[in-house]
Amino acid sequence: MSDKKMQVVFASAEAAPFVKTGGLGDVAGSLPRALVAAGADVIVMVPKYGTIASEYTDRMEHVADFYVSLGWRNEYCGLERLVIDGVTYLFIDNERYFKRDYPYGFFDDGERFAFFSKAVTESLQHLPEGFQCDVLHCNDWHTALAPVFLREFYQGLPLYERVKTVFSIHNIAFQGQYADTILNDILGMAHIPNAARQLRCDERSINYMQGALDYSDAITTVSPSYAWEIQTPEYGEGLDGILRRRSNALSGILNGIDTDAWNPATDPMIHANYSAADMSGKKACKAALQEELGLEVRDDRPLMVMVTRLTRQKGMDLVTYALDRILSGGVQVAVLGTGDYEEPMRYFANKYPGTCAARITFDNALSHRMYAGADMFLMPSLFEPCGLSQMIAMRYGTLPVVRETGGLRDTVAPYNQFTGEGTGFTFANFNGDEMGDAVFRAARTFWDDKDAWNHLIDNAMSADFSWKRSAEQYMDLYYGLHPEIERYVPFAPETAAEPKADEADAALLIAQEHLVRQLANVEEFDVAVEASKPAESAVVLGCGLEVYIVLAGHVDFAAERARLVKERDGVAKDAAKFEKKLANPG
């Protein structure tokens, strides 16, 4: 097993808890920690904005400074280091560009984030000792020029030859389009025909994201369905042609949620805590929420909520169309959010007092109480790259009603009344009547089949939306770009309890069978894992040249399976050693 970890530089314009305006901040705040847990070394690069709280800036350590060429300019760049939860954060310091009251929305954003991309690329020469970047992972248009700069200005330098680039699309609607005058004035690329051609999106404009799509080694987006959708004219925002051409490099990996922050068993913001094993607290949460919002306190009426931006993209056209039918049909509705549809929501709240409530604000604590107290969560998006709200709702035992698009299709399994499968209710077309029908399918199940309803809640609460799952898929991608690096796999501590003799014998039979047969196909490994799970106390797995005895539930089966794919051809010869080690554990 290799001792070398995959070394990843993760570049993002925002990262929680330092700066966050949307989902990108959540991803950059959570995914790097999960990558570290999966066995990677990670450095996150973020601009040092003037809005970052002093509790963080006071702890930053200055580690390097240098100048970055940007067209005819030479701009100062400082690197400030802060380590939190095993993740190293390097903040790009340039007060002229970043000491402002808000991250975005300025006349010179094109220049500011061109500088950020160039500074990230230049910074690879100034990383902490022992860290040599294997993968540069860029996110959205703010860092899209980094793969372009790397290939055009740094290719051929030994340090950069090993660097592979990954570009993640979080929102394809924002691409970084600017006048082509900056090709020379800011980017310094007007004299490079290939760069100018691949950045230009029309006769007078260039597109930062387009450049990343052309230059990156791998492209990801935040759900498998969205990866397919953005290859169509309907969702591709003008980049569908490039994405179809590069479809072999494109993949979709679902985001996760912070399962510690969103946990009904420990959440301090909700009225009563509860879990899948004891749901009594959810009933109390519903009654408290109904009272707080001025709704009739009735447990025989389903309460459906929305926590969202009130925009057309979030399906508010459908909501305003169908809300009369839904409210008059016996379903309570509560909405939390701000946006373009504030007045219609106030109208329905006034028209249906006791049945409809609208809170036109952003209130994090109230959002927690709404997730916990509701029976259903409505999310009828026109498009949804991934979506986090439906995952949070399921975590709290609140069944989602969603349109089958993007990440909603990938995360919510529609209820099958014949098999009992499913985690929510879905509809296919962007149509108000179809949405209303889906709401009432959910309501009828709530009213008429409590056993089925409770089974759906169990299914939803048991779904895995942790960042661990997502991190493993990114690690697969990174190692696919670097097949020469043997996968580093973290294991459970060596102090794990030894298995009992009968459990070891059972595990030995499983392992021997599959070792001797040389794992003719990887599916046999899956069978072995499933057969071993009932033992609960211990599992024995043969992995390459060593045998690990680990507590069940503490081994990363996905990582082990990936290693076996690589090593299975040489596994058979280790069967004798495996048996000998079990026979003589000392």
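Residues numbered from 1 in each chain as written. Predicted model: local features only at pLDDT ≥ 70, side-chain atom pairs only at ≥ 80, totals over all residues. Heavy atoms only, no water.

Taking 1.5 Å as the rise per residue, helix H12 (residues 280–293) with 14 residues should run 20 Å; its terminal C-alpha atoms sit 21 Å apart, in good agreement. Within the sequence span of H12, burial applies to Gly281, Lys282, Cys285, Lys286, Leu289, Gln290 and Leu293. Here the buried face of H12 lies against strand S12 (303–307), strand S13 (332–336), strand S14 (356–359), helix H15 (364–373) and helix H18 (432–448). Once H12 ends, the next one or two residues include Gly294, with phi positive near 80°. (Helix = DSSP H or I, 4+ residues; strand = E, 2+ residues; numbered from the N terminus. Expected span 1.5 Å × (residues − 1). Buried < 20%, exposed > 50% of the residue type's maximum accessible area, 1.4 Å probe, protein only. Contact = heavy atoms within 4.5 Å.)

Time to look at the pattern of salt bridges. In the structure shown here, the tally under the stated rule is 31 salt bridges. The shortest N-O distance in the salt bridge between Glu343 and Arg346 comes to 2.6 Å. You can see Glu343 and its partner Arg346 sitting in helix H14 (residues 342–351), 3 residues apart, about one turn around the helix. Salt bridges linked by common partners bring Arg73, Glu75, Arg96, Glu111 and Asp185 together as one network. (Salt bridge = Lys/Arg side-chain N within 4 Å of Asp/Glu carboxyl O.)

What follows concerns the packing of aromatic side chains. Applying the stated criterion to the full structure yields 27 aromatic pairs. Measuring from ring centre to ring centre gives 6.1 Å for Trp141 and Tyr178, while their planes differ by 55°; the resulting arrangement is tilted. Remark: Tyr178 occurs in strand S8 (residues 177–179) and Trp141 occurs in the loop between strand S6 (135–139) and helix H5 (145–153); sequence separation between them is 37 residues. Classification of Tyr178 as partly exposed rests on a relative accessible area of 23%. Both rings, one in Phe425 and one in Trp453, keep their centres 6.3 Å apart while their planes meet at 25°; by these two values the pair is stacked. Here the residue Phe425 occupies a position in strand S17 (residues 425–427), and Trp453 occupies one in helix H19 (residues 450–462), the gap between them amounting to 28 residues. A single burial state applies to Phe425 and to Trp453, both of which are buried. Taken together, the aromatic side chains of Tyr49, Tyr97, Phe98, Tyr104, Phe113, Phe115, Phe116, Trp141, Tyr178 and Tyr208 make up a single cluster linked through ring pairs. Over the aromatic face of Phe106 sits the side chain of Arg100, whose NZ or CZ is 4.9 Å from the ring centroid. Over the aromatic face of Phe149 sits the side chain of Lys118, whose NZ or CZ is 5.2 Å from the ring centroid. (Phe/Tyr/Trp six-rings, centres within 6.5 Å; stacked < 30°, edge-to-face > 60°. Lys NZ or Arg CZ within 6 Å of the ring centre and 35° of its normal.)

Moving on: the sheet that holds S12. What the 6 strands build is an open sheet, ordered S14-S13-S12-S15-S16-S17; its pairing is parallel. At either margin of the open sheet sits one strand with a lone partner, and together these are S14 and S17. Pairs of neighbouring strands in the sheet enclose a mean axial angle of 15°, with direction left out of account. Judged from the 4 bridges that link them, strand S15 (residues 376–379) and strand S16 (residues 399–403) form a sheet pairing that is parallel. Paired with Met376 across the bridge in S16 is Leu399. Lying over the sheet, H18 contacts S12, S15, S16 and S17, oriented at roughly 160° with respect to S17. Along the sheet, H19 contacts S15, S16 and S17; its crossing angle with S16, the most-contacted strand, is approximately 80°. (Pairing = 2+ DSSP bridges. Axes fitted to C-alpha atoms, helices over the stretch in contact; angles between N-to-C directions.)

The next subject is unusual backbone geometry. For the peptide bond that leads from Ala16 to Pro17, omega is 5°, which places it in the cis range. With respect to the helices, strands and loops of the structure, Pro17 is situated in the loop between strand S1 (6–11) and helix H1 (23–37). The backbone of Asp85 sits at a positive phi, close to 55°, despite the residue not being glycine. As for its placement among the helices and strands, Asp85 is situated in the loop between strand S4 (73–84) and strand S5 (87–93). Taking relative accessible area as the criterion, Asp85 reaches 57% and is therefore assigned exposed. Positive phi, normally seen in glycine, also occurs at Glu237, with a value near 50°. Taking relative accessible area as the criterion, Glu237 reaches 43% and is therefore assigned partly exposed.

The subject of this paragraph is the pairing of strand S3 (residues 61–70). Taken together, the 9 bridges between S3 and S4 define a ladder with antiparallel strand orientation. Residue pairing for S4: Ala64 is matched across the bridge by Leu79.

Attention shifts here to the confidence of the model for the protein. Averaged over the protein, the pLDDT score is 88; the fraction of residues at 70 or greater is 83%. A low-confidence stretch, residues 534–555 stays under pLDDT 50, and its non-local contacts, those more than four residues away or across chains, total 50 contacts. Note on residues 569–573: pLDDT is under 50 here. Beyond four places in sequence and across chains, it has 5 contacts. (pLDDT = per-residue confidence, 0-100.)

Within the fold, Gly420 resides in the loop between helix H17 (406–411) and S17. Residue Gly420 is classed as buried on the basis of its relative accessible area of 16%. Sequence separation between Gly420 and Ala452 is 32 residues; the distance between their C-alpha atoms is 6.7 Å. With near-sequence residues (within four places) excluded, Gly420 lies in contact with Tyr415, His455, Leu456 and Asn459.

Glancing now at helix H9 (residues 208–215). Among the 8 residues in H9, 8 count as buried, and that is most of the element. All buried positions along H9 are accounted for by Tyr208, Met209, Gln210, Gly211, Ala212, Leu213, Asp214 and Tyr215. Where H9 begins, the side chain of Asn207 points an oxygen toward the backbone nitrogen of Met209, at a separation of 3.0 Å. (Polar contact = N/O pair within 3.5 Å; in protein donor to acceptor, adjacent residues only side chain to side chain.)

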